[in-house]
Amino acid sequence: MNHDDLRYWSKRAADWTHEYHTGLRRRPVRARTVPGAVAARLPAAAPETPEPPEAIFADFEAIVPNAMTHWQHPRFFAYFPANAAPASIWAEQLANAMAANCLIWQASPAATEIEQVTTGWLRRAVGLPSGFVGTIHDSATTCTLSAVITMRDRATGWASTQDGLTGQRLRIYASAQTHSSVDKAVRLAGIGQANLVKVDTDTEYRMDPAALDAAIRADLAAGHVPAGVVLCAGGTSIGAFDPIGDCVEVAKAHGLYTHVDAAWAGSAMICPEFRKLWAGIEGADSIVMNPHKWLGAQFDCSVQFLADPEPQIRSLGLRPDYLRSDAEDEIVNFNEWTVPLGRRFRALKLWFVLRAYGLAALRKRIRNHVAWVEKLAEVFRATPGFDIVTEPRLALFTFRHAPRGGDADAATERLLARINDDGRIYLTQTRHEGRPVIRVAAGTFDCTEDDVMSVHAVAVELAGGL
Ligand SMILES: *Cc1c(COP(=O)(O)O)cnc(C)c1O
C-alpha cells in the first residue's frame, strides 16, 4: 500500500465512518463476543507477502465492529463517556497524516503553540485564574503520576531525583473515593501503597478536612514525611466531591502540594453554575481534567493545569545535549512537563472541537445531560422495587433493584447482567458501602432525553420476573 492507495482507502474509511456513526443505534451497545473468538479468526503468523487492501478492509468489516463495545453509541451509560465529536475525528485524521513527534518545540512548533493557546482557552473556559498553565498528557493516570512524583521530590528537596528514597516514609493523603490511579501513582513513584493514607469522609463521601489535619499531625508525630494531598472532584464510583478549598487550606498549612483529580467532572466546569462543586480550586497546585471524557476531544486528551510548572519540570524535565535547540529562553518544551519524551499532536483536536462547537453549545450539552439524569433519577425514585443509592452528582447516580421480599444484592446483579445481555443500553456496576449498585453515567455526545429516559423503561421491563 502506498500513498496513492491511501488516498482511495482513506476516502473509503471516511464513508465507513459516516455509515458506522449513523447506524450506531441499530447495534447492541456492548460487544457480543466471547474471550478468544476474535483471536481465533486471525492466522498464527504475519504474512510474508503483501495482502491487498481489499482483503484487509473486508476482514476489518467482518471481524472488528461486531466485537467492539460502541463507546459513541447514544445509549452508552457505562463507566464515563469517552466522546469523539466529529470535529475531533477530523482533527485526528489530519494529525495522523502528519504523524509528527511533538517532543520539543523545534520538532513541531505549531503543536507546542496550539497546545499553549488551547489549554489557555480551556483554563479560561473552566474559570481558573490566569496563573495556571496547561499541558496535555495521554491520560489522567499519567497526570496524577506526574503530580505524585513532584510531591515526592519536593518533599525530599529533590534529593530523591538523585538518591532515590533513602529510608524516609513519605506520605500521600486521599479519600477512599479517589480513583485507583492514585494507588497506582504511589506504587510507581516508589512511595508505596502502605503510605497512601485514606482519609475519612463525611456522610456525603467528602474528605473530612479535620480528619486530614489529624492524619498529617499523626504522621509528623510518628516521624513520617507528609508530601502531598490528592483531592477528588467527581470520583469515579459515585461522583464524590471533596471540599477542595478546606482541604487545600489544611494541606497548605502543612506545606503540602495538592493535586485535584477532576478527570470527569472538570469538563462540566465550563458551566459556571457547577463551579461551586470545586470551590477553592484556585488554591490547588495541580489539576487534571479529561476533555476526552465529556468535552468531545477524543481519547487521548488529558489536560493538567499547574499553578507553577517549575516543580514538575524539576522532577520530570531532562534536557540532554541531543534535545537542545535554539532560542530556549523563548520556547516551552512540553516533554519536560510530562512522562514520555515522544508526544502526539493532541492539541489539534482540542482546537478543532472548541471552534467547531463553541463553548455555548458544549455547555448546553452538559447541562442537558445533568438535567436528564436528574429527571431519570426522579422516575426511578417513584418506581416501587428501585432505590436510588447515591443521588445524582452532575450526570451520575447509582441505584439498586430491591424487589419486595427479595435479596436486593442478588437482584441488582442479575438485573445488570440482563440489561447488558439485552444490548439496548449499557450500564456498569460499582460497590458502594460494600454492596453492589448500578451506575448510570450519561454524557455521550449524541444522546437525547429519550435515550437517557430509556434506562428506566429497559430496567423496569427486564426487572419483571426477577
Ligand atoms: C477516568 C478517570 C480517571 C482515569 O482516567 P484515564 O485518563 O483513563 O487515566 C481518573 N480519575 C477519575 C476521577 C476519572 O474519572
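Below: a short report on this structure. Position numbers for residues count from 1 along each chain, tracking the sequence in the order it is written. Confidence filtering applies because this is a predicted model: local features only for residues at pLDDT of at least 70, side-chain atom pairs given and counted only at 80 or more, and all residues used for totals across whole chains, interfaces and linings. As a rule here, side-chain values cover all heavy atoms of the structure and leave hydrogens and water aside.

Further remarks concern the nonpolar core. Here, nonpolar core means buried Ala, Val, Leu, Ile, Met, Phe, Trp, Tyr and Cys residues that are tied together by side-chain atoms lying within 4.5 Å of each other. The rule is simple: take the accessible area with a 1.4 Å probe, protein chains only, and divide by the maximum for that residue type; under 20% is buried, over 50% is exposed, in between is partly exposed. With 93 residues, the main nonpolar core has Trp-278 and Leu-427 as its most contacted residues. Of the residues forming this core, the biggest block, 14 residues, is contributed by helix 13 (residues 347-381). Throughout, a residue-residue contact means that at least one pair of heavy atoms, one from each residue, lies within 4.5 Å. Beyond its immediate sequence surroundings of up to four residues, Trp-278 is in contact with Val-126, Leu-128, Ala-233, Ile-244, Ala-262, Met-269 and Ile-287. Among the nonpolar cores identified, the runner-up in size contains 22 residues, and Val-148, Ile-172, Val-230 and Phe-334 belong to it. Numbered from the N terminus, helices here are DSSP runs of H or I no shorter than four residues, and strands are runs of E no shorter than two.

Overall, mixed pairing links the seven strands, which are arranged 1-7-6-5-4-2-3 in an open sheet. The open sheet has two edge strands with one neighbour each: strand 1 (133-137) and strand 3 (196-199). Strand-to-strand twist of the sheet, defined as the mean angle between neighbouring strand axes without regard to direction, takes the value 20 degrees. Two strands are said to pair when DSSP picks up at least two bridges between them. In the sheet, strand 5 (residues 257-261) pairs with strand 6 (residues 286-289) via three bridges, with the strands oriented parallel. Note on strand 6: the bridge partner recorded for His-259 is Ser-286. Interaxial angles span 0 to 180 degrees and are taken between N-to-C directions of axes, which are lines fitted to C-alpha atoms, for helices over the stretch in contact.

This part is about the site of the ligand. Throughout, the term near means that a residue has one or more heavy atoms lying within 4 Å of the molecule or strand in question. Close contacts around the ligand come from 14 residues, with Ala-140, Thr-141, Asp-261, Asn-290 and Lys-293 the closest. Within the contact set of the ligand, an oxygen atom lies 3.1 Å away from a side-chain nitrogen or oxygen of Asn-290. In protein, a polar contact means a hydrogen-donor-capable atom and an acceptor-capable atom, both N or O and within 3.5 Å, with residues adjacent in sequence counting only if both atoms are side-chain atoms; elsewhere, any N or O pair within 3.5 Å suffices. Taking Lys-293, its side chain carries an N or O atom lying 2.7 Å from an oxygen atom of the ligand. Elements that contribute at least two residues to the shell around the ligand include exactly helix 6 (140-155) and helix 11 (291-294). Considering only residue class, the shell around the ligand consists of four nonpolar, eight polar and two charged. Polar here means any residue other than Ala, Val, Leu, Ile, Met, Phe, Trp, Tyr, Cys and Pro, which are nonpolar, and Asp, Glu, Lys and Arg, which are charged; Gly is therefore polar.

Moving on, we get to the packing of helix 9 (residues 209-221) against helix 10 (residues 244-253). Contact geometry for helix 9 and helix 10: axes closest at 9 Å, N-to-C directions at 20 degrees. Regarding the angle of helix 9 to helix 10, the classification is roughly parallel. The two elements helix 9 and helix 10 cross, and the hand of that crossing is right-handed. Two secondary-structure elements touch here, helix 9 through Pro-209, Leu-212, Asp-213 and Ile-216 and helix 10 through Asp-246, Cys-247 and Val-250. Here is the rule for angles: anything less than 35 degrees is roughly parallel, anything more than 145 is roughly antiparallel, 65 through 115 is roughly perpendicular, and the remaining ranges are oblique. What makes a crossing left-handed is the near helix being turned counterclockwise from the far one by less than a right angle; a clockwise turn instead makes it right-handed.

So, about the sheet that holds strand 10 (residues 428-432). Pairing is antiparallel in the open sheet, where four strands are placed in the order 8-9-11-10. Every other strand in the sheet has two partners, leaving strand 8 (386-393) and strand 10 as the edge strands with one partner each. The mean angle between the axes of side-by-side strands here comes to 35 degrees, regardless of whether they run parallel or antiparallel. Two strands pair when backbone bridges link them, and strand 9 (residues 396-401) and strand 11 (residues 435-441) are joined in this way by four bridges, in the antiparallel orientation. Its bridge partner being in strand 11, Leu-396 is matched across the sheet by Ala-441.

The topology assignment puts Glu-336 in the loop between helix 12 (310-316) and helix 13. The buried category is assigned to Glu-336, whose relative accessible area is 7%. Polar contacts involving the side chain of Glu-336 include one to the side chain of Arg-319, which spans 2.8 Å.

Burial within strand 9 is extensive, with six of its six residues counted as buried. With burial as the criterion, each face of strand 9 is covered, one bearing Leu-396, Thr-398 and Arg-400 and the other bearing Phe-397, Phe-399 and His-401. Counting the residues in the hairpin turn of strand 8 and strand 9 gives two residues, including Leu-394, whose phi is positive at 50 degrees.

In a helix, the anticipated span is given by 1.5 Å times the number of residues less one. Its 15 residues place the ends of helix 14 (residues 408-422) 21 Å apart at the C-alpha level, agreeing with the 21 Å of an ideal helix rising 1.5 Å per residue. In this structure, the buried side of helix 14 is in contact with strand 8, strand 9, strand 10, strand 11 and helix 15 (449-463). N-capping of helix 14 is provided by Asp-407, with a side-chain oxygen placed 3.0 Å from the backbone N of Asp-409. At the C-terminal side of helix 14, Gly-423 shows a positive phi close to 95 degrees.

This part takes up the pairing of strand 2 (residues 170-175). Working note: regular strand, side chains alternate between the two faces of the sheet. Of all six residues that make up strand 2, six are buried, and the element is covered over most of its length. Neither face of strand 2 is exposed, since Leu-170, Ile-172 and Ala-174 on one face and Arg-171, Tyr-173 and Ser-175 on the opposite face are all buried. Where strand 2 lies against strand 4 (residues 225-232), four bridges are found, and the strand directions are parallel. What sits directly across from Leu-170, in strand 4, is Val-225.

Moving on, we get to the state of the cysteines. Counting rule for disulfides: a pair of cysteine sulfur atoms within 2.5 Å. Taken as a whole and assessed by the stated rule, the structure comprises zero disulfides. We note that Cys-102 lacks a disulfide partner, and the nearest cysteine sulfur, in Cys-301, lies 13 Å from it. Given a relative accessible area of 3%, Cys-102 falls into the buried group. The cysteine Cys-271 is free of any disulfide, with Cys-447 supplying the nearest cysteine sulfur at 14 Å. Cys-271 gets classed as buried once you look at its relative accessible area, which sits at 0%.

If you trace the backbone, Gly-190 turns up in the loop between helix 8 (180-188) and strand 3. C-alpha of Gly-190 to C-alpha of Arg-152: the two residues are 38 residues apart in sequence and 8.9 Å apart in space.

Bringing the packing of helix 14 against helix 15 into the picture now. Two numbers describe how helix 14 lies on helix 15: the axes approach to 10 Å, and their chain directions differ by 115 degrees. Where helix 14 crosses over helix 15, the two elements pack in a sense that is right-handed. The residues of helix 15 that touch helix 14, namely those facing Leu-415, Arg-418, Ile-419 and Asp-422, are Val-458, Ala-459, Leu-462 and Ala-463. Tallied by class, residues from the contact of helix 14 with helix 15 come to six nonpolar, no polar and two charged.

Functional significance is not addressed by these values, which are geometric in nature.
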